[in-house]
Amino acid sequence: MEFLEMRGIVKRFPGVVANNGISLSVRKGEVHALLGENGAGKSTLMNILYGLYEPDDGEICIDGRPLRISSPRDALDAGIGMVHQEFMLIPALTVAENVVLGMDDGRGPLLDLKATEAEVTRLAAEYLFRIDPRARVADLSVGEQQRIEILKALYRGARILVLDEPTAVLTPQETRELFSVMKTLSSQGHTIIFISHKLNEVMNVSDRVTVLRDGRVVATVNTRDTNPSELARLMVGREVGLDTSGARTSPGETVLSVSNLVVNDHRGLRAVKGVSLEVRAGEVLGIAGVDGNGQMELIEAITGLRKAQSGSVAVLGRDCTGLPPRPLAETGMAHIPGNRQRTGLILEMSVAENAILQTYYRPPISRGIMLNEGEVRRFSDSLISQYDIRTPNQDVKVKLLSGGNQQKVILARELSRQPRLLVAMHPTRGLDVGATEYVHSRILAERERGCAVLLVSVELEEILALSDRIAVMYEGEIAGILDGRNADIEEMGLLMAGSTRRSASCSAAGHGG
Ligand code: ADP
Ligand code: MG
């Protein structure tokens with residue numbers, strides 16, 4: 001018996017039909033995965049269900065009865081709760097205070113906190129989480145905060161729980177705990193809609209999967225009757241190579257050498273606390289870790305965007321500590337920055353202008369103090385075709401390109417210089433499967449060419465697919481180094497969560513045999 005039905009949902013935004021006649025049937029008590037690439041329309045559909053967006057067309061029924069949901073309040077009244085990717089908790093308040101916050105239950109401003117605390121503890125125990133209702137939210141881990149959000153929805157009486165990409169911020173252990181909570185909830189009759197673009201997670205936790213592509217439903221399948229390749233094909237609309245690991249060559253000379261680097265963040269607090277690492281020609285050193293453990297500051301210091309407090313950075317044996325980006329680029333360093341729109345591109349400039357950002361002051365692109373227009377056109381056209389940048393022409397402003405094509409502009413500019421060292425941070429963040437696959441193949445091609453690659457990513461799959469060695473960063477330090485070929489995901493997860501430390505002899509420098 002279908003329990004929740006969305007029929008013919010249409011939602012248009014300026015220039016895009018985010019939901020183009022979507023019908024979704026969800027059964028009571030199931031974990032229903034909503035799978036699709038970035039931009040497929042998953043969040044939009046669920047924001048409509050939660051009353052945040054008004055659909056342009058279509059209807060929603062629960063138990064056969066049509067419902068009008070025009071606010072989260074209406075959604076909650078219908079038993080629908082949603083946990084967004086960004087949590088909406090107040091750090092300074094306790095768990096119980098956060099749970100009751102914003103509830104207008106007629107009890108007035110004087111909340112019965114004791115009763116709430118008892119109820120929170122009871123609910124938590126029922127679904128197998130351990131939560132101290134009096135703990136301050138600020139002191140909780142990301143995984144715990146997420147469980148408070150779930151608890152908040154349950155406390156408000158949600159029977160249908162929508163989780164929008166809940167694992168994006170979690171370590172593997174936290175993800176497993178979340179999955180077990182999800183399974184318990186569904187076994188007790190709750191219905192869960194789980195949004196994800198990760199095939200293995202969908203395979204792992206769902207009963208059924210609905211695949212969205214370009215605002216439409218491609219298929220709804222039973223999870224036990226499908227497999228990751230089929231899901232990937234449905235998601236992208238063509239065959240996808242899931243295995244990006246190429247032949248591993250043996251690495252050559254040391255290209256990047258970072259020693260005891262200490263870096264502060266923008267508030268002046270220590271973000272990197274004495275990191276040492278080496279990357280050799282022809283190898284990829286992957287830096288894994290939960291976002292915000294000093295990765296950004298480390299990369300900014302290495303690429304000349306942030307001053308280091310102490311320590312050194314050397315490229316090919318030459319001390320480059322404190323050099324600004326331009327001279328660093330001259331040493332053979334290329335950089336794919338973590339935020340392509342802020343530091344990677346000048347959005348108001350054209351594809352051609354962005355393509356020559358690193359080379360415009362040198363012949364043949366420059367002629368004296370002038371730009372060699374003919375050469376600029378020839379150079380950028382060749383990059384556009386070589387890197388398959390989908391743009392009407394080279395004069396289009398970069399801000400008008402899709403995220404994937406913007407990233408290709410950066411790749412083209414950086415890799416066309418044949419760098420000796422490539423520093424790439426979140427190179428596929430926000431990209432769809434097709435563009436991700438492309439970026440991965442280019443990074444591996446650089447490695448084959450003998451380039452040294454330092455890769456930072458919060459996507460474990462990406463780290464595992466590309467890295468020869470994996471350094472796990474936790475609270476500004478390298479918590480451990482693992483062999484990329486047979487990295488133990490359990491161990492990685494523990495390192496990411498800071499719950500284990502490898503011995504001091506295991507530093508990121510060198511290969512240790
Ligand atoms: P998903 O969650 O599957 O990644 P979304 O539902 O967020 O996809 O987005 C679907 C499409 O709708 C995308 O093209 C996105 O840019 C667009 N979109 C989503 N929300 C808005 C909005 N508030 N305003 C304009 N466009 C939006
Ligand atoms: Mg989304």
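1. Some words on the site of ligand 1
Okay, so step 1: Around ligand 1 sit F13, V16, A18, E37, N38, G39, A40, G41, K42, S43, T44 and Y53, and those are all the residues in its vicinity.
Okay, so step 2: At a separation of 2.8 Å, an oxygen atom of ligand 1 approaches a polar side-chain atom of K42.
Okay, so step 3: Y53 places a side-chain nitrogen or oxygen 3.2 Å from a nitrogen atom of ligand 1.
Okay, so step 4: Protein contacts shield 64% of the accessible area of ligand 1, which totals 560 Å² for the unbound molecule.
Okay, so step 5: Looking at the shell around ligand 1, the element that brings in the most residues is helix α1 (residues 42-49), giving three residues.

2. Side note on the pairing of strand β4 (residues 57-62)
Okay, so step 1: The sheet contact formed by β4 and strand β5 (residues 65-67) spans three bridges and is antiparallel. Each residue of the ladder has a partner; that of I62, found in β5, is R65.

3. Comments concerning the sheet that holds strand β20 (residues 452-456)
Okay, so step 1: Taken together, six strands build an open sheet; the order of strands is β16-β19-β20-β13-β21-β22 and the sheet is mixed. Looking at the sheet topology across the chains shown, the edges are occupied by β16 (333-336) and β22 (477-483). For this sheet, the mean angle separating the axes of adjacent strands, direction not counted, is 15°.
Okay, so step 2: On the sheet, helix α14 (residues 403-415) packs against β16 and β19 (421-425) and is oriented at approximately 175° with respect to β16.

4. What about the pattern of salt bridges?
Okay, so step 1: Going through the model one piece at a time under the given rule, you end up with 30 salt bridges.
Okay, so step 2: A salt bridge links R7 to E5, with the shortest nitrogen-to-oxygen separation between them at 3.9 Å.
Okay, so step 3: Residue D56 is joined to R12 by a salt bridge in which the shortest nitrogen-to-oxygen separation is 4.0 Å. Of this pair, D56 sits in the loop between α1 and β4 while R12 is found in strand β1 (residues 2-13), placing the two residues 44 residues apart along the sequence.

Calculation notes
As a convention, each chain's residues are numbered from 1 in the sequence order in which they are written. In the order they appear in the text, chains get letters beginning with A and ligands get numbers beginning with 1. Predicted model: local features are reported for residues with pLDDT of at least 70 only, side-chain atom pairs are reported and counted for 80 or more only, and whole-chain, interface and lining totals are derived from all residues. Side-chain calculation: all heavy atoms of the structure are included, whereas hydrogens and water are not. Nearness is defined per residue: one heavy atom within 4 Å of the molecule or strand is enough. Counted as a polar contact is a pair of N or O atoms within 3.5 Å, where, for protein atoms, one must be capable of donating a hydrogen and the other of accepting one, and residues adjacent in sequence contribute only when both atoms are in side chains. With residues, only the protein chains shown are counted as cover, and all accessible areas are computed by Shrake-Rupley using a 1.4 Å probe. The secondary structure listing takes helices from DSSP runs of H or I that are at least 4 residues long and strands from runs of E that are at least 2 residues long, numbered from the N terminus. In this scheme, strands are said to pair when DSSP sees at least two bridges between them. A fitted line through C-alpha atoms represents every axis, and for helices the fit uses only the stretch in contact; the resulting angles, taken between N-to-C directions, go from 0 to 180 degrees. The contact criterion used is simple: two residues touch if any of their non-hydrogen atoms lie within 4.5 Å. The term salt bridge refers to a side-chain nitrogen of Lys or Arg lying within 4 Å of a carboxyl oxygen of Asp or Glu.

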